[in-house]
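The chain contents come next:
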Amino acid sequence: MAKFAEKRFFITKVVVLKIKDVYLHQLIMILNCTKNNIPKLNNNIMKKNLLSLTALLFSGFMWADDITVNSAEDWQTVCSNADAYASSIITLGADISVTTPFPATFTGTMDGQGHTISYDLTNPGKFGLFLQTDEGAFIKDLKIEGSIVATTGVAGVVYTVSGATTIQKVKVSADISSSSYPLSGFVVEGKSKLTITGCEYSGTLWCYTSKSADCAGFISRVTDNGAFTISNCTFSGLVREENKDNSAGAWRASGFIGTVESIAEADNCYFTNCSFTGKVRQGNGSVRLGGYVASANSDTI
């Protein structure tokens, strides 16, 4: 009986996270009933889901638990099993170096507990600590330092936000340079609601190509159904869009946002109590340079 109770608790936890409340309610009814009072299920779809969930109850532990990362090797293990950890709580237990992005779509929580992640990367390919986040992702209490020298677009924290994501109390000082674009200290593509609170970018973003565009401290591009609320944040770094001889012209460089595309939800984009104390520098012929937004395509932000 004790073994069954242990598995019952686990599957209930998974259902709470993964399945709509109505399925959970019906599953609990089955778990609490005897063979003489099993509830009648008239809905075939509901019946199918309940049979699947009941089978899971007896199938063993199929999901990874929440995990504490204490070393670079631990992070590699998490990334190698990314699908299993995609909705977990990942807690940083020590300062670590990172060379590999989390490759699956992340919907869990990354709690840095004030620790530091260090980059020392050359040509890592498309890169962000997380390549993509979706609904419910929460990244907090983290410092990111070091350097990335790339030939692709790079983000310090998340490359693509595809569902509502929160980033809180994250300080990025990493220097990022590339012969390509876009570049961002935090997020390259904001395709959904993004809330950034109590964060700072203090490093250098340098795109050294004459065709560069959308280099920004916090979000390179707000597009699709993208929107943002940025509050109590500071840009104290440097954005450069210029060739190594300082001659190139470029497009859309900013301390906070590169561009808000016309298809984004500009009416739902807000700044509150933010400060710009850094610098933005572009080569001759550059256009659309801004402290907060380089190219708004709207007058309602």
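Let us look at the structure shown here.

Reading the values: the criteria
Residues numbered from 1 in each chain as written. Predicted model: local features only at pLDDT ≥ 70, side-chain atom pairs only at ≥ 80, totals over all residues. Heavy atoms only, no water. Helix = DSSP H or I, 4+ residues; strand = E, 2+ residues; numbered from the N terminus. Buried < 20%, exposed > 50% of the residue type's maximum accessible area, 1.4 Å probe, protein only. Contact = heavy atoms within 4.5 Å. Areas by Shrake-Rupley, 256 points an atom, 1.4 Å probe, with all protein chains shown as cover. Core = buried A, V, L, I, M, F, W, Y, C linked by side-chain atoms within 4.5 Å. Pairing = 2+ DSSP bridges. Axes fitted to C-alpha atoms, helices over the stretch in contact; angles between N-to-C directions. Phe/Tyr/Trp six-rings, centres within 6.5 Å; stacked < 30°, edge-to-face > 60°. Lys NZ or Arg CZ within 6 Å of the ring centre and 35° of its normal.

## Thoughts on the overall build of the protein
Logical step 1: Counting secondary structure elements, the protein contains five helices and 28 strands.
Logical step 2: In the protein, which comprises 301 residues, the proportion classed as buried is 48%.
Logical step 3: The long-range fraction of contacts in the protein, counting pairs at least 24 apart against all pairs at least 6 apart in sequence, stands at 75%.
Logical step 4: For the protein, the accessible area works out to roughly 13800 Å², and carbon and sulfur atoms hold 49% of it.

## Overview of the nonpolar core
Logical step 1: One finds Phe102 and Phe218 to be the most contacted residues of the largest nonpolar core, which totals 64 residues.
Logical step 2: In terms of residue count, the dominant contributor to this core is strand E7 (residues 137-150) (six residues).

## A word on the environment of Tyr270
Logical step 1: Structurally, Tyr270 is set in strand E24 (residues 270-272).
Logical step 2: Sequence separation between Tyr270 and Thr229 is 41 residues, and the spatial gap between their C-alpha atoms is 4.7 Å.
Logical step 3: Ignoring sequence-local partners within four residues, the contact set of Tyr270 consists of Phe228, Thr229 and Ile230.

## Remarks on the sheet that holds strand E28 (residues 293-295)
Logical step 1: One open sheet holds the seven strands; their spatial order is E4-E6-E9-E13-E18-E23-E28, and the pairing between them is parallel. Strand pairing shows two members of the sheet lacking a second neighbour, strand E4 (102-106) and E28, which therefore form its edges. In this sheet, neighbouring strand axes are inclined to one another by 15° on average, regardless of whether the strands run parallel or antiparallel.
Logical step 2: With three bridges joining them, strand E13 (residues 187-190) and strand E18 (residues 219-222) adopt parallel strand pairing. Bridge pairing in E18 links Glu189 to Arg221.

## Digging into the pairing of E7
A regular strand carries its side chains on alternate faces of the sheet.
Logical step 1: Alignment of strand E5 (residues 109-122) against E7, held across 11 bridges, turns out to be parallel. The partner of Ile117 across the bridge, within E7, is Ile144.
Logical step 2: Where E7 lies against strand E11 (residues 175-178), four bridges are found, and the strand directions are parallel. Paired with Ala150 across the strands is Ser178, a residue of E11.

## Description of the packing of aromatic side chains
Logical step 1: In total, this model carries 15 aromatic pairs according to the counting rule given.
Logical step 2: Where Trp75 meets Phe130, the ring centres are 6.1 Å apart and the plane angle is 85°; that geometry is what we call edge-to-face. Of the two residues, Trp75 is situated in helix H4 (residues 72-80) and Phe130 in strand E6 (residues 130-133); the sequence distance between them amounts to 55 residues.
Logical step 3: Its relative accessible area of 0% is what places Trp75 among the buried residues.
Logical step 4: Centre to centre, the rings of Phe271 and Tyr292 are 5.4 Å apart; their planes meet at 75°, and the pair counts as edge-to-face. Here Phe271 is found in strand E24, whereas its partner Tyr292 is found in the loop between strand E27 (287-290) and E28, with 21 residues between them in sequence.
Logical step 5: Members of the aromatic cluster, joined through ring pairs, are Phe186, Phe218, Phe228, Phe256, Phe271 and Tyr292.
Logical step 6: Cation over ring: Arg240 sits above Trp206, and NZ or CZ is 3.8 Å from the ring centre.

## Regarding the side chain of Ser177
Logical step 1: Looking at the secondary structure, you find Ser177 in strand E11.
Logical step 2: According to the relative accessible area criterion, Ser177 is buried, its value standing at 14%.

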